[in-house]
Amino acid sequence: MNQLSPLTDLRSKMERITGISRRAAVAGVPIGVAEIDALLPGRSLARGGFHELLGDQGAITSFLAALLGHQKTIQHVLWITPSADLYPGGFAQLGLSHRRMTIAWTRQTDNRLWAAEEALKDMPGGAVVAEVEQADLTETRRLQLAAETCGSIGFLVRRDRQPSAALTRWRIEPARSLDIRPCWRLTLERVRGAEAGGTWVLEFDNASLSFNLVAEVADRSLEAAE
Amino acid sequence: MRRRNSPTTGPFALTQATAGTFRLSAVNLMAIQLGLKAGMPLADAMAQIPRLVTAPADPLGDQAALERLADWCCRWSPTVQVDGADGIVMDVYGVTHLFGGEDAMLQQMRASFRRMQVTTRIAFAASPAAAWAWSRYGAGGSLPEDRTAAFESLKDLPVAALRIDHDIVDALNGLGLKTIGSIANMARGPLAKRFGQGLLARIDMLMARQPEPITPRVPQAPWRSRANLVEPVSTRDAIDTVLDYLLDALCKLLADEHLGARQLALTAFRVDGDIQTIRVGTSYPSRSPKHLKRLFRDPLDSIAPGFGIESFTLEALTADPFSADQASLEATQQDDSRFAELIDRLQGRLGARNVFRFEPLGRHTPENAFARLPPMARSNREMPDYDPRPTRLISPEPVEMETTGDAFTWRRIRRRIAMTAGPERLHGEWKNGGMDIAGRDYFQVEDEVGRRYWLFRSSAGDWFMHGIF
């Protein structure tokens, strides 16, 4: 009944070694900017694992809201946070409706990691965002395993740079805009199982609720001046 | 039941001042054997037995202890009532078989109270009145179920066993009517005329001809399971095993009625009379033993087994209709219930109020614009069409705006302003008879590195940081 073909067997072994799952590649979360997605295995942020974000807290919050907001494949977002300041008015304007969001609040980091692990096990169609100060390798491995069990996707917002089982690591900073709109500088620092990296500036498109790849404002003003 | 927990092995009595005289209010077995009895003046008692040890009575404390004991007795039957200052009455109809029959149950009760060092007199009878009489004036133990046979035992008891006023007892005795048997078969008319209807009522209650209802201490949950253990348990593994058994039994009861539990209470009865209760709630009706078990996992840590727990009850305090064939429900709904179970676990550990979702209230005051609702509550309101709002709203913090208006200092860092948009004038709203905020002018401000802030200028002209985008 449960006999695997040699090819399937080999694939699953490869997946275990590289940490890149084919299933994840099928149903990942694309950023929606071809240049960036092209660097990611499966051309998207893979499911069945979690992704790390470091950098400016405000920029990370709005970036995730915009990323998860325009992914209609993500039914629900659980946001695990130590602060009481998440504001649904802003999330909705980036595309993430209050109807698709649940907040879990706790001050203790270990409780937040526990909650993230539990949620990753039981939110196959959803996404889990966890804001932690730090996490060690073992803790991140647990998150990875939890996500693998049901193909969920996690986003770990952290401040430290300890070794991690994350599928990708990003640095997100604010970037200047031309008209006070959401704008981010994204740096892809690490992709598990691949050599990839780069820095881009993304601008939020209010009409389509998606990202546009743009040049730095300083360069854009230069162009305008010429 | 009487508690005689004395600090000495010798004669011991509790004393109480009544009408200016100290009297013995309770005495231990040793004191009884030496001829002392409750009600005696303290001075007489001390004269008779100089080595008598006494302590002041504590009627309130005794009552509280009796209440606790009654709670503990709920392990045998849910219908338990404190009866007077020294009694507990319990309806054991239909539960004796759970303990191996009346005699076996009696043995278990006696053993339990002995372990708790509570001296008791226990009687089983067809009516509370008969049990009262048989425990206090008779031999105690089981009276025959058959009324005629039971009367054979009760008829020789003194009339005081009818639980009637002293005056009536004295009056009956004066007429030579000393035993229950001597008045039970007398003509009812003259008896009522002379001693009142109350006496007849007590006789009828004794004979189980008239009901004497017992008011349960706790509102009884209709869905409950119970485990009485042969050996008291104290390890977490053993408690888990018992909980599995209880959950299976309870979920079967709920399944029979097509219900799912919304609120559960697990009560542990310790051998020393201590009672501990854990309550958990669910966001969806559930009768999955596996799911409910997980809700108990963390709260179970708070159970202190002490010298062992000898009995558990599990009750569904509230239950709601549950769609019987979960399996045939659509996939989305299955995901819903999986998500609901996740939420229950999160709430169990983080606290129910700390897992929530937002609901727009349609208000303009930013800090009052959203309510926190339970995660499974349905959203009814649409998000109003606001001007740009931040993703993080903080409590307003004062900001030093430079007079030139091209930089400000917030949290000790000077930030150069690159662009601003606004103002958006927000007026306060009437709330609780006053304005919640005075008028504010809000601005979106982008600094030179691209950070975006939500600042407002108060009606007094001061600047505040209210959020970041």
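Just checking my understanding: could you explain the sheet that holds strand E10 (residues 275-286) of chain B for this structure?
Sheets are built from strands that pair by backbone hydrogen bonding, the pairs being arranged parallel or antiparallel. Residue and element names in this part refer to chain B. The antiparallel open sheet is built from four strands, whose spatial order is E8-E11-E9-E10. Since the sheet does not close on itself, it has two edges, and those belong to strand E8 (223-233) and E10, each with one partner. Strand-to-strand twist across the sheet, computed as the mean angle between neighbouring axes with direction ignored, equals 15°. The sheet contact formed by strand E9 (residues 259-270) and strand E11 (residues 309-321) spans eleven bridges and is antiparallel. Pairing of Ala265 across the sheet is with Glu315, part of E11. In the packing of helix H11 (residues 236-256) onto the sheet, the strands contacted are E8, E9 and E11, and the crossing angle to E8 comes to about 155°.

So what exactly am I meant to see when it comes to the interface of chain A and chain B here?
Interfaces are frequently sized by the accessible area removed from exposure as the parts join. At the interface, 39 residues of chain A touch 41 residues of chain B. For the side of chain A that touches chain B, the elements supplying multiple residues, two or more each, are helix H4 (57-69), helix H5 (88-93), strand E3 (101-105) and helix H6 (109-122) of chain A. Looking at side-chain class alone, the side of chain A that touches chain B contains 20 nonpolar, 14 polar and five charged residues.

Explain the nonpolar core to me, please; I cannot follow it from the model alone.
The nonpolar side chains of soluble globular proteins are, as a tendency, buried together. Counting 73 residues, the largest nonpolar core has A:Val77, A:Ala104, A:Ala116, A:Val128, A:Val129, A:Ala130 and A:Leu156 as its most contacted members. Filtering out sequence-adjacent residues up to four positions away, A:Val129 remains in contact with A:Leu64, A:Val77, A:Trp79, A:Ile80, A:Phe155 and A:Val157. Grouped together as the second largest cluster of nonpolar side chains are 54 residues, B:Ala131, B:Trp134, B:Ile309 and B:Leu314 included.

How do you make sense of helix H12 (residues 289-297) of chain B when you look at a structure like this?
Residue pairs spaced three or four apart in an α-helix point in one direction, given the helix's 3.6 residues per turn. Of all the residues in H12(B), the buried ones are B:His291, B:Leu292, B:Leu295 and B:Phe296. Buried residues in H12(B), looked at end-on, bunch into an arc of 140°, giving them a common side.

Please explain the confidence of the model for chain A as it appears in this structure.
When pLDDT is low, close inspection of the predicted coordinates is not appropriate. Of all residues in chain A, 85% attain a pLDDT of 70 or more, and the chain-wide mean is 86. The low-confidence segment residues 22-26 of chain A, where pLDDT is below 50, has 13 contacts with residues more than four positions distant or belonging to other chains.

Any chance you could explain the pairing of strand E7 (residues 183-191) of chain A here in plain terms?
All names here are of chain A. Both strand E6 (residues 168-174) and E7 contribute to a ladder of seven bridges, which runs antiparallel. Bridge pairing in E7 links Ile172 to Leu186. As paired elements, E7 and strand E8 (residues 198-205) share six bridges and run antiparallel to each other. When the bridges of E8 are listed, Cys183 appears paired with Glu203. What sits between E7 and E8 in their antiparallel hairpin is a turn of six residues, with Gly193 showing a positive phi close to 80°.

So what exactly am I meant to see when it comes to unusual backbone geometry here?
Among all residues save glycine, negative phi is the norm, and among peptide bonds the norm is trans. Along the chain, B:Gly422 connects to B:Pro423 via a cis peptide bond; the corresponding omega equals 0°. Mapped onto the secondary structure, B:Pro423 falls in strand E16 (residues 413-426). Even without glycine at this site, A:Ile180 takes up a positive phi of about 50°. Its location among the elements puts A:Ile180 in the loop between E6 and E7. Here the phi dihedral of B:Arg411 falls at roughly 50°; this positive angle occurs in a residue that is not glycine. Relative to the helices and strands, B:Arg411 is located in the loop between strand E15 (407-410) and E16. A count of 8 C-beta atoms within 10 Å places B:Arg411 in the exposed class.

Would you explain the sheet that holds strand E3 (residues 53-56) of chain B in this entry?
Residues and elements named next belong to chain B. Taken in spatial order, the three strands line up as E2-E1-E3 in an open sheet, and their pairing is mixed. Each edge of the sheet is formed by a strand with only one pairing partner; in this case those strands are strand E2 (21-27) and E3. Neighbour-to-neighbour, the strand axes of the sheet open up by a mean angle of 40°, direction not taken into account. Where strand E1 (residues 12-18) meets E3, four bridges bridge the pair, whose relative direction is parallel. Looking at the pairing, Ala13 lines up with Thr54 of E3.

I tried to follow the packing of helix H9 (residues 188-195) of chain B against helix H10 (residues 197-206) of chain B on my own but got confused; where do I start?
Each pair of packed helices can be summarised by the angle the axes make with each other and by the distance between the axes. All names here are of chain B. For the pair H9 and H10, the least separation of the axes is 6 Å and the interaxial angle reads 125°. Considered as vectors, H9 and H10 are oriented oblique to each other. Across from Arg188, Leu191, Ala192 and Phe195 in H9, the residues of H10 making contact are Gln197, Leu199 and Leu200. Class assignment for the residues of the contact of H9 with H10 results in five nonpolar, one polar and one charged.

About the cut-offs
- Residues numbered from 1 in each chain as written.
- Chains lettered and ligands numbered in written order.
- Predicted model: local features only at pLDDT ≥ 70, side-chain atom pairs only at ≥ 80, totals over all residues.
- Pairing = 2+ DSSP bridges.
- Helix = DSSP H or I, 4+ residues; strand = E, 2+ residues; numbered from the N terminus.
- Axes fitted to C-alpha atoms, helices over the stretch in contact; angles between N-to-C directions.
- Contact = placed C-beta atoms within 7 Å.
- Nonpolar A, V, L, I, M, F, W, Y, C, P; charged D, E, K, R; others polar.
- Core = buried A, V, L, I, M, F, W, Y, C linked by C-beta atoms within 7 Å.
- Buried ≥ 20, exposed ≤ 12 C-beta atoms within 10 Å, placed from the backbone.
- Arc of directions from axis to C-beta.
- pLDDT = per-residue confidence, 0-100.
- Parallel < 35°, antiparallel > 145°, perpendicular 65-115°, else oblique.

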